[in-house]
Amino acid sequence: MGDKHLIELFNISKDYEGDAALININLYIKNGEFLTLLGPSGCGKTTMLRIIAGFVQPSSGRVLMDGKDVAKTPPYKRKVNTIFQKYALFPHLNVFDNVAFGLKIKKLPKEEISARVNSLLELVNLKGFEKRWIEQLSGGQQQRVAIARALVNEPEVLLLDEPLGALDLQLRKGMQVELKRMQQRLGITFIYVTHDQEEALTMSDTIVVLKDGIIQQIGTPQDIYNEPKNAFVADFIGESNILPGIMAHDYSVRFLGREFECVDAGFGTEQPVEVVVRPEDVDIIPISAVSKNAMEGIVKSVLFMGVHYEIQVVAYGFTWTVHTTDAVSAGETVGLELLPDAIHIMRPSL
Ligand SMILES: Nc1ncnc2c1ncn2[C@@H]1O[C@H](COP(=O)(O)OP(=O)(O)O)[C@@H](O)[C@H]1O
Ligand SMILES: [Mg+2]
C-alpha cells in the first residue's frame, strides 16, 4: 500500500434543504487501500460516495484527487468508477456485451476489447457465460458481471455502495472473499459502503464509522473493535455490555456500586464514563473463586450458538451478555470475572 493520498476530503459538509447529511468530514484515502464507510442507514454513506464520484456537490469543503481540487471535474473525468447498490446491467445485452460496453464507447480495437473482457470474466469466475442473458444469471453472477463491468475500465479507484446487499448470507460471504482477493490482486483502491459491521471488519484495511453525518472513528478493524472511541462505535461494531460508571482515579473504575481495576488512565478523578465489556471477555468462574474484579450473578437464559453459549446473567441489577464455552443452566448462581484488560473505559457519547 502506498503512502500517497489519492483522495482527500477537507471539511466536507452537505445539507439537503437545511438538513445536514454530512458534517465537517475530514478524511484521506491512500493508494491501494480498502477503506470502508460503515454506519446505520441514513448516516450519510451514499452521500459521501456520491460526492467523491462527483454526482453530488458538497455544500462546503473540498475534494482533492492527487492533490488537485476536483470541484470542476465532472464524474466521467474523475478516476473513479462506481458500483451502485442496485447494479443496473443492460437486460438487452449478453454478459460479454455488458462488460464490453464501456470499452466500445471508448472505441477501442475489437481485439483489445475481447482480450480485456475475457480476462476479466475469468477473474470473476464467469468464463463460459459470455453469451448468457442477464436474466439467466443468479444474483451472485449478476453482481460479478457488474464488478467486471466496472473493473474493465481499469479504474484507479472503485466506489462500491453496498454491492452485496441484495445477496443471501452464504453468497455474500463468498463474494466478500472474492472481492477482497480481486482488490489485492489488481491493486485498486476500494471505497466500500456497508451497514454490516462483520463485512467491514473482515474486508477493510481502514474503517470509517459514521453516525448522523459525523465521523465517529477512523481506524483499522482491530483498532475499531478493540479500542472503540465511544459507546456508539462499541455497540455498532459488535455486541457489548455498556453501562455507566465513575472513573475513581487512574486504573480504577466504579460501576454497579463496586470498584474494579482497569488498564485505563487519563480520565481524571471521579469522572462519569461509559464502561464497555465484550461478551467474550467476561469469564464464568466458580462462586468460590469470586474475589477482586469479580461478582456473583444469576443465569437468566442460555442459548447455544454452535461454537459457544450466549448467556444472560443478572448481577447487581445489570443483565450481562456473556459468550462462554462453559455449560451452565438457567437459575444457577455463577461468578463473573472481568479482568482489568476486559474493561474498556470511554467518555460518555454525545
Ligand atoms: N437527494 C436527497 N435529497 C434530500 N435528502 C437526501 C437526499 N439524499 C440523501 N438525503 C438524506 O441525507 C441523509 C443521508 O442519506 P444517505 O447518504 O443516503 O445515507 P446512507 O447511505 O448512509 O443510508 C438521510 O437523512 C437522507 O434522507
Ligand atoms: Mg446508502
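Residues numbered from 1 in each chain as written. Chains lettered and ligands numbered in written order. Predicted model: local features only at pLDDT ≥ 70, side-chain atom pairs only at ≥ 80, totals over all residues. Heavy atoms only, no water.

Visitor: Now, about the sheet that holds strand β16 (residues 294–304): what can you tell me, with residues and values included?
Guide: Read across the sheet, five strands follow the order β15-β19-β16-β17-β18 without closing on themselves; strand pairing throughout is antiparallel. Of all the strands in the sheet, just β15 (283–285) and β18 (318–324) have a single pairing partner and so form its edges. Strand-to-strand twist in this sheet, taken as the mean axis angle between neighbours without regard to direction, amounts to 45 degrees. Pairing of β15 with strand β19 (residues 333–337) involves three bridges; the strand directions are antiparallel. Paired with Asp283 across the two strands is Glu337, which belongs to β19. (Pairing = 2+ DSSP bridges. Helix = DSSP H or I, 4+ residues; strand = E, 2+ residues; numbered from the N terminus. Axes fitted to C-alpha atoms, helices over the stretch in contact; angles between N-to-C directions.)

Visitor: Let's hear about the nonpolar core: which residues, and what values?
Guide: Formed by 37 residues in total, the largest nonpolar core has its most connected members in Val117, Val145, Ile147, Leu151, Leu158 and Leu179. Breaking this core down by element, the ones donating at least two residues are α2 (95–105), α3 (110–123), α4 (139–151), β7 (157–161), α5 (169–186) and β8 (189–194). Per-element tally for this core: the top contributor is α4, with six residues. Those residues within four positions of Leu179 in sequence are excluded, and the remaining contacts are Ile147, Leu160, Pro163, Leu164, Phe190, Tyr192 and Met203. Grouped together as the second largest cluster of nonpolar side chains are 27 residues, Leu6, Ile29, Leu37 and Leu210 included. (Core = buried A, V, L, I, M, F, W, Y, C linked by side-chain atoms within 4.5 Å. Buried < 20%, exposed > 50% of the residue type's maximum accessible area, 1.4 Å probe, protein only. Contact = heavy atoms within 4.5 Å.)

Visitor: So what about the pattern of salt bridges? Which residues, and what values?
Guide: In total, this model carries 12 salt bridges according to the counting rule given. Residue Lys104 pairs with Asp97 through a salt bridge whose shortest N-O separation is 3.0 Å. Under the relative-accessibility criterion, Lys104 is labelled partly exposed at 44%. According to the relative accessible area criterion, Asp97 is partly exposed, its value standing at 22%. (Salt bridge = Lys/Arg side-chain N within 4 Å of Asp/Glu carboxyl O.)

Visitor: Please give an account of the packing of aromatic side chains that cites residues and values.
Guide: Across all of its chains, the model carries eight aromatic pairs by this definition. Between Phe90 and Phe101 the ring centres are 4.5 Å apart and the planes differ by 50 degrees, which places this aromatic pair in the tilted class. Here Phe90 is found in the loop between β6 (80–83) and α2, whereas its partner Phe101 is found in helix α2, with 11 residues between them in sequence. Under the relative-accessibility criterion, Phe90 is labelled partly exposed at 24%. On the numbers, 4.2 Å between centres and 5 degrees between planes, the contact of Phe255 with Phe260 is stacked. Residue classification places Phe255 among the buried residues on the basis of a relative accessible area of 2%. Linked through ring pairs, Phe255, Phe260, Phe318 and Trp320 together constitute an aromatic cluster. Seen from the ring of Tyr225, Arg278 lies directly overhead, with NZ or CZ sitting 4.1 Å from the centre. (Phe/Tyr/Trp six-rings, centres within 6.5 Å; stacked < 30°, edge-to-face > 60°. Lys NZ or Arg CZ within 6 Å of the ring centre and 35° of its normal.)

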